[in-house]
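Residue-level structure breakdown
The primary structure of each chain is shown beneath.
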Amino acid sequence: MYLDHFKLELEPFALAPDANFLFLSISHKKALVYLNYALWNKDSFMLITGAVGSGKTILLQRLLRTIPETTIAITINQTQITPIEFLEVVADQLGLKKPEKLTKAKLYKLLKTFFADNADKSIVFIIDEAQKMPIDTLEELRMLSSNDFTNVDVNISIILSGQPELRAMIESPELEQLNQRIRLKYDLQMLGPSESVEYIRYRLMRAGQTLDLFSQNSLSKIYQYTNGLPRKINMLCDTSLTCAFADGHKTITTAQVDDSATELQWQQTGAQLTLDKKIASEEIEEEVKSNIKKQKEPNFEENTAIYLRNIEKQLSKIAISLRLIAQGKKK
């Protein structure tokens, strides 16, 4: 919609994860190192958690691009499945599933034979949205990866990715055996203020634009609304570009960001609301000091009209500040 207007070749802030747009913050870079460790080392289990929209899926996409030919990857994104449905999905991805419905025993036999025939290869299970997987299905995954099941020395790794509650699931007594096999646990962090700016500029560059489309103040405002969460940054930047395009602007200002946040029904963070109140209070204090100073000047009586106008402005700012404080208390 706005690509030609801003001289962009691709959508810079699409919501769908795209490994071509992966920005490696300090936290994302560390997570990728851990993921590669789990991929390349025998019997390595890893748990990666993070908030919705923090960039877990795009990291898994990048990892899948680096998988060698000697490794067989089994990826599962639809995780609300029973243990036997899980076995069916695995058999299907390995090209083993038969037209007829198979019993659990027959599925086990198929998978055991496959693992024995491919003992010279590595196998990695990559489970996204793992927090939705039932506990008994997670336990089935553990059993499938054990040497007791395969009866051969197979290099099997498991990567579990999900929201923060996944860690509590894994560390529950019901999954103690699976938890004991997890060597690496990593919580993906959100972007800091400077990383958020770099993130926006990086995605614009990947989309074909090297100019700064966002003013410095608008970049600061975006962080205040998103708190450094990549998906929220994408949503706000995309909406801001749309608003600027509709208004015929070539750059994005704080006005477009605020309008976009209103469209998305977002609020600034509590810290920013406190800062806004502080700024308003400081401005009122400066105004009062200025008026007191004017009263001490010899020609004060000659400037009565100007003084009264300043008092009106002061009262207006006080009213605005009181509204901000009242809104903050309601929240």
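Attention here is on the structure that accompanies the text. This is a predicted model, so every value here is computed, not measured.

1. A short note on the nonpolar core
For soluble globular proteins, the rule of thumb is that nonpolar side chains tend to be buried together. Ranked by size, the top nonpolar core spans 36 residues in total, and within it F86, F125 and L160 carry the most contacts. Apart from the residues lying within four places of it in its own chain, the contact partners of F125 are I74, F86, V90, L141, L144, I156, S157, I158 and I159. Residues L8, L191, F214 and C237 belong to the second largest nonpolar core, which totals 26 residues.

2. Things to note about the packing of aromatic side chains
Under the criterion given, the structure shown has 7 aromatic pairs. Considering the side-chain rings of F23 and Y202, the 5.8 Å spacing of their centres and the 55° angle between planes classify their relative orientation as tilted. Taken together, the residues F23 in the segment before α1 (26-40) and Y202 in helix α9 (residues 193-206) connect sequence positions 179 residues apart. Relative accessible area serves as the criterion here: at 12%, F23 is assigned to the buried category. Aromatic side chains F114 and F115 sit 6.3 Å apart centroid to centroid with 65° between the ring planes, which places their arrangement in the edge-to-face category. For the pair F114 and F115, a shared accessibility class is recorded, and that class is buried.

3. A word on the pattern of salt bridges
Applying the stated criterion across every chain yields a total of 8 salt bridges. Ionic pairing is found between E88 and K101, a salt bridge with its closest N-O pair at 2.9 Å. Here E88, found in helix α3 (residues 83-93), pairs with K101, found in the loop between α3 and α4 (104-117); they are 13 residues apart in sequence, far enough to count as distant. In this structure K101 comes out as exposed when scored by relative accessible area, which is 67%. The partner of D212 in a salt bridge is R201, and the shortest N-O contact between them spans 3.4 Å. Here the residue D212 occupies a position in the loop between α9 and α10 (216-226), and R201 occupies one in helix α9, the gap between them amounting to 11 residues. Using a relative accessible area of 48% as the deciding quantity, one classes D212 as partly exposed. If you follow the salt bridges from partner to partner, you end up with R167, E171, K185 and D187 in one network.

4. Describing α1
Here α1 spans 21 Å end to end across 15 residues, near enough to the 21 Å set by a 1.5 Å rise per residue. Listing the buried residues of α1 in full gives S27, H28, A31, L32, L35, A38 and L39. End-on view of α1: buried residues confined to an arc of 135°, all on one side of the axis. Exposed and oriented more than 90 degrees from the buried face of α1 are I26, V33 and W40. Buried positions along α1 lie against β1 (45-49), α2 (56-65), β2 (71-76), β3 (122-127), β4 (155-162) and β5 (182-187).

5. Digging into unusual backbone geometry
The backbone phi angle of K7 is positive, close to 55°, even though this residue is not glycine. Mapped onto the fold, K7 is located in the segment before α1. Despite not being glycine, E129 shows a phi value in the positive range, around 55°. For E129, the location among the structural elements is in the loop between β3 and α5 (135-145). Overall, E129 belongs to the partly exposed group, its relative accessible area being 23%.

6. A short note on the packing of α3 against α5
At a minimum axis separation of 8 Å, α3 and α5 run at an interaxial angle of 45°. In terms of orientation, α3 and α5 fall into the oblique class. Regarding α3 and α5, the two cross each other, and that crossing is right-handed. Only D136, T137, E140, L141 and L144 of α5 make contact with α3, whose side of the interface consists of P83, F86, L87 and V90.

7. Quick word on the sheet that holds β5
Taken together, 5 strands build an open sheet; the order of strands is β2-β3-β4-β1-β5 and the sheet is parallel. A strand with exactly one partner marks an edge of an open sheet, and here the two such strands are β2 and β5. Each strand axis lies, on average, 15° off the axis of its neighbour in the sheet, ignoring direction. With 6 bridges connecting them, β2 and β3 associate as parallel partners. Bridging from a neighbouring strand, T71 pairs with S122 of β3. Each of β1, β2, β3, β4 and β5 is contacted by α1, which is oriented at about 160° to β5, the strand it contacts most. In this fold α2 packs onto β1, β2, β3 and β4, with an angle of close to 155° to the strand it touches most, β4.

Basis of the calculations
- Residues numbered from 1 in each chain as written.
- Predicted model: local features only at pLDDT ≥ 70, side-chain atom pairs only at ≥ 80, totals over all residues.
- Heavy atoms only, no water.
- Core = buried A, V, L, I, M, F, W, Y, C linked by side-chain atoms within 4.5 Å.
- Buried < 20%, exposed > 50% of the residue type's maximum accessible area, 1.4 Å probe, protein only.
- Contact = heavy atoms within 4.5 Å.
- Phe/Tyr/Trp six-rings, centres within 6.5 Å; stacked < 30°, edge-to-face > 60°.
- Helix = DSSP H or I, 4+ residues; strand = E, 2+ residues; numbered from the N terminus.
- Salt bridge = Lys/Arg side-chain N within 4 Å of Asp/Glu carboxyl O.
- Expected span 1.5 Å × (residues − 1).
- Arc of directions from axis to C-beta.
- Axes fitted to C-alpha atoms, helices over the stretch in contact; angles between N-to-C directions.
- Parallel < 35°, antiparallel > 145°, perpendicular 65-115°, else oblique.
- Left-handed = near helix turned anticlockwise from the far one by under 90°.
- Pairing = 2+ DSSP bridges.

So, to be careful, I would describe these as geometric facts and stop short of saying anything about function.
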